[in-house]
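A look at the structure
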Amino acid sequence: MNRGLGEWDDELEDTAAPAGASGEGGNAPELFYRNVAEFVSNKLAVAYRRQLNAQSGVTWCPQWWKHAEAIGRLEALWRSWEHLRLDGTTGMSIWWRDHADHHMNVLLSADGPFKGCSPDDGHRTKLVPLPCEEPPAGLF
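Structural notes, computed from the coordinates. (Residues numbered from 1 in each chain as written. Predicted model: local features only at pLDDT ≥ 70, side-chain atom pairs only at ≥ 80, totals over all residues. Heavy atoms only, no water.)

1. Some thoughts on the nonpolar core
With 24 residues, the main nonpolar core has Phe39, Leu74 and Met104 as its most contacted residues. Contributing elements (two or more residues each) for this core: α1 (36-47), α2 (68-84) and α3 (91-108). Residue contributions to this core peak at seven residues, all from α2. When sequence neighbours within four positions are dropped, the list of residues in contact with phenylalanine 39 reads Tyr33, Leu44, Leu74, Leu77, Trp78, Trp81 and Trp95. (Core = buried A, V, L, I, M, F, W, Y, C linked by side-chain atoms within 4.5 Å. Buried < 20%, exposed > 50% of the residue type's maximum accessible area, 1.4 Å probe, protein only. Helix = DSSP H or I, 4+ residues; strand = E, 2+ residues; numbered from the N terminus. Contact = heavy atoms within 4.5 Å.)

2. Quick notes on the packing of aromatic side chains
In the structure shown here, the tally under the stated rule is nine aromatic pairs. Aromatic side chains phenylalanine 39 and tryptophan 81 sit 5.9 Å apart centroid to centroid with 45 degrees between the ring planes, which places their arrangement in the tilted category. In this pair, phenylalanine 39 is assigned in helix α1 and tryptophan 81 in helix α2, connecting sequence segments 42 residues apart. Across the pair, exposure class does not vary: phenylalanine 39 and tryptophan 81 are buried alike. A ring pair is formed by phenylalanine 39 and tryptophan 95, whose centres lie 6.3 Å apart and whose planes are at 90 degrees; its orientation type is edge-to-face. Of the two residues, phenylalanine 39 is situated in helix α1 and tryptophan 95 in helix α3; the sequence distance between them amounts to 56 residues. (Phe/Tyr/Trp six-rings, centres within 6.5 Å; stacked < 30°, edge-to-face > 60°.)

Have a look at this one:
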């Protein structure tokens, strides 16, 4: 299936690479986390402890995998963490500053992809895609 994942609409496909796989042959370092779900549960959720309350501007969906934007951002966080963890000097600082704080501020935002969801009540809304018109033929 070549289509991207939409909001939870049964388009699920396995996007996680097998442990240790990166398309670089046998030279790639072994992954610490097998997939993005393991990374979110065992690293990110533990490291990013916040008082969740949509009224105060911080929200989360316990079924984050039902949100296409969240999947993309969390996958980027996982892959950047896997790469930067190997830098024993400033890798983790760079990850926090350039990756984690940026993406988590968007994800946890009350107007982010989890708008309408809550940690207590779970996945609630289905946000519609941005409207798009077909570009003129030959433009791209």
